[in-house]
Structures are given as structure tokens and as C-alpha cells.
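# Chain and residue survey
Take a look at the letters that make up each chain.
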Amino acid sequence: YLIGAYIRIYGTPYIPKLAWAILGVGVYIIILILLATGIKLPYNIQLLSTNNTLPLILSISILMLLKDLKFDNKFVSSLIPAFSVCSLNVYLIQESEAFRSVLWRYFDATICVGKGNGLYMILMFLTCIVCLWIGAFVTHKLYVKLLLPLIERMNEKYLKNLRLL
């Protein structure tokens, strides 16, 4: 998120889209090879963890490929900012210890591991995703309707007091 915000504010030097595509495909191939061969990374770093730079490089290359995409449809154009805000909310919600305990208690897909209930596991996974995104969307709407006006009023009072000094 910090890298995306930096790119949005300050821009980037011109690098052709083909270079970003080659970088993304190259990193993806490296990740697939490491997964297929079972090669362990140094310092016990998990391949797809937040401590690994390979997924970060892949994400940045995808971001750089898609950042200048324009949509003519107003509905689709309005979904993009909502989607990005919701993705940040999903990240923040899923990192919450309280949410994880609820998720693991009520959406425990491990009960069907080894029992031939693959469809049930997929449904539980999809249910978790839908619940996360609905929760993120509702959280964002509540923030915009309830908290943002309050914060803006507080900022106006603060700026007015600064001008008086």
C-alpha cells in the first residue's frame, strides 16, 4: 500500500509496459519453480509470506501494468476506487486477532480435510471471502457516512485555531 501510494503521488520513471510484463512473468516462473521443486529459502522465509520480496515484485509489476488502465463505463470507473479501499480494509480486518478467532471458529474448513469434502471446503473458502469483502465494504461506507464528516469538522476547527495563532 505504501508503494502504491508513493507511485500515485510521485509517479515513476518511464519504464515500458513490456519490461513490467517480463519482470512479472519472470518472477511468477521463479515462484512456480520454487514451489514445484520444494527448494527452501534461506532464513526459513516462506515463499509466499510477507517477508519475501518475490510476491512484492510480482505485485508491483501487476500494479504498474494496470495503473494507467482507463474505463469508459462510469459504473466500472466508480468500482475501482471502492475496490482498492475495500482491499485495504480486507487486509486490516484479516490481520485482526479478534476477526481471526471468529473466522476460525465459524468458518473452519479443516474439518473436511481428508474426508472427501472438497466441495464443502471450497464453499467455506468462498464464504470467507464474501464475508470479508462485505465487511470491508460496510466498514468503508460507515466510515464515509459517520466518521469522515466528524473528522472533517475537527480539521476545520483545528485549521481555524491555527490561523488565529
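Given the structure is predicted, the values throughout are model-derived calculations rather than measurements. (Residues numbered from 1 in each chain as written. Predicted model: local features only at pLDDT ≥ 70, side-chain atom pairs only at ≥ 80, totals over all residues. Heavy atoms only, no water.)

## Quick word on the overall build of the protein chain
Inclusion rule: Where helices and strands are cited, they refer to DSSP runs of H or I of at least four residues and of E of at least two residues respectively, numbered from the N terminus. Here the term buried applies to any residue with accessible area under 20% of the maximum for its type, exposed to any over 50%, and partly exposed to those in between, with areas from a 1.4 Å probe on protein chains only. Whether two residues are in contact is decided by their heavy atoms: any pair within 4.5 Å suffices.
Check the secondary structure of the protein chain and you find 6 helices and 0 strands. Reading the helices (α) and strands (β) of the protein chain from amino to carboxyl end gives α-α-α-α-α-α. Classification of the 165 residues of the protein chain by burial places 16% in the buried group. Intrachain contacts of the protein chain at a sequence separation of at least 6 include 60% that bridge at least 24 residues.

## Notes on helix α3 (residues 53-66)
Counted only if it meets this: By this rule the span expected of a helix is its residue count minus one, scaled by 1.5 Å.
For α3, spanning 14 residues, the distance from its first C-alpha to its last is 20 Å, which sits close to the expected 20 Å at 1.5 Å a residue. Buried within α3 we find L54, P55, L58, S61 and M64.

## Some details on a nonpolar patch on the surface
As a reminder of what qualifies: Residues enter a patch when their relative accessible area is above 30% and they make no salt bridge; the linking distance is 9 Å between like charges and 5 Å between nonpolar side chains (Val, Leu, Ile, Met, Phe, Trp, Tyr). For every accessible area listed, the method is Shrake-Rupley and the probe measures 1.4 Å; residues are considered covered only by the protein chains on display. By definition here, a salt bridge exists when the distance from a side-chain nitrogen of Lys or Arg to a carboxyl oxygen of Asp or Glu is within 4 Å.
On the surface, a cluster of nonpolar side chains totalling about 950 Å² of accessible area is made up of V130, I134, V138, L142, Y143, V144, L146, L147, L150, I151 and M154. By secondary structure assignment, the location of L146 is in helix α6 (residues 118-164). Given the relative accessible area of 60%, L146 is considered exposed.

## So, the side chain of H140
Tracing the backbone through its elements, the reader meets H140 in helix α6. According to the relative accessible area criterion, H140 is buried, its value standing at 17%. Among residues more than four places away in sequence, those in contact with H140 are V85 and N89.

## Some thoughts on the nonpolar core
Grouped burial of nonpolar side chains is what soluble globular proteins tend to show. Applied cut-off: The criterion is simple. A nonpolar core is a set of buried Ala, Val, Leu, Ile, Met, Phe, Trp, Tyr and Cys residues joined through side-chain atoms within 4.5 Å.
Membership of the largest hydrophobic core is limited to 5 residues, which are V27, I31, L34, L54 and L58. Contributing elements (two or more residues each) for this core: α2 (17-37) and α3. Here this core gets 3 residues from one element, more than from any other, and that element is α2.

## Here's the deal with the packing of α2 against α3
Each pair of packed helices can be summarised by the angle the axes make with each other and by the distance between the axes. What counts is decided by this rule: To obtain each axis, a line is fitted to C-alpha atoms, and for helices this fit is confined to the stretch in contact; angles are then taken between N-to-C directions over 0 to 180 degrees. Oblique is the label for any angle not under 35 degrees, not over 145, and not in the 65 to 115 range, which are roughly parallel, roughly antiparallel and roughly perpendicular in turn. We call a crossing left-handed when the near helix sits turned anticlockwise from the far one by less than a right angle, and right-handed when that turn is clockwise. Following the grouping adopted for this structure description, the nonpolar residues are Ala, Val, Leu, Ile, Met, Phe, Trp, Tyr, Cys and Pro, the charged ones are Asp, Glu, Lys and Arg, and the polar ones are all others, Gly among them.
Two elements in contact, α2 and α3, have axes separated by 9 Å at closest approach and are oriented at 150°. Here α3 runs roughly antiparallel to α2, going by the angle between their axes. With respect to the hand of their crossing, α2 and α3 are arranged in left-handed fashion. For the pair α2 and α3, the contacting residues are K17, W20, A21, L23, G24, V27, Y28, I30, I31 and L34 in the first and L54, P55, I57, L58, I60, S61, M64 and L65 in the second. In the contact of α2 with α3, the residues fall into 15 nonpolar, 2 polar and 1 charged.

## Regarding the side chain of S61
Selection criterion: Here a polar contact means two N or O atoms within 3.5 Å. Within protein one must be a hydrogen donor candidate and the other an acceptor candidate, and residues neighboring in sequence count only if both atoms are side-chain atoms.
Relative to the helices and strands, S61 is located in helix α3. A polar contact is formed between the side chain of S61 and the backbone oxygen of L58, at a distance of 2.8 Å. Beyond its immediate stretch of four places on either side in the chain, S61 contacts W20, L23 and G24.

## Side note on α2
In an α-helix there are 3.6 residues to a turn, and that puts residues three or four apart on one side. The condition that has to hold: When we speak of the arc, we mean the arc of directions from the helix axis to the C-beta atoms.
In a regular helix each residue adds 1.5 Å, so 21 residues correspond to 30 Å; α2 covers 30 Å between its end C-alpha atoms and thus fits that length. Three or more residues of α2 are buried, namely W20, G24, V27, I31 and L34. Looking straight down α2, one finds its buried side chains confined to an arc of 95°; they lie on one side. Those residues of α2 that are exposed and aimed more than 90 degrees away from the buried face are L18, I22 and A36. Buried-residue contacts for α2 involve α3. Looking one or two residues beyond α2, the residue adopting positive phi is G38, at roughly 75°.

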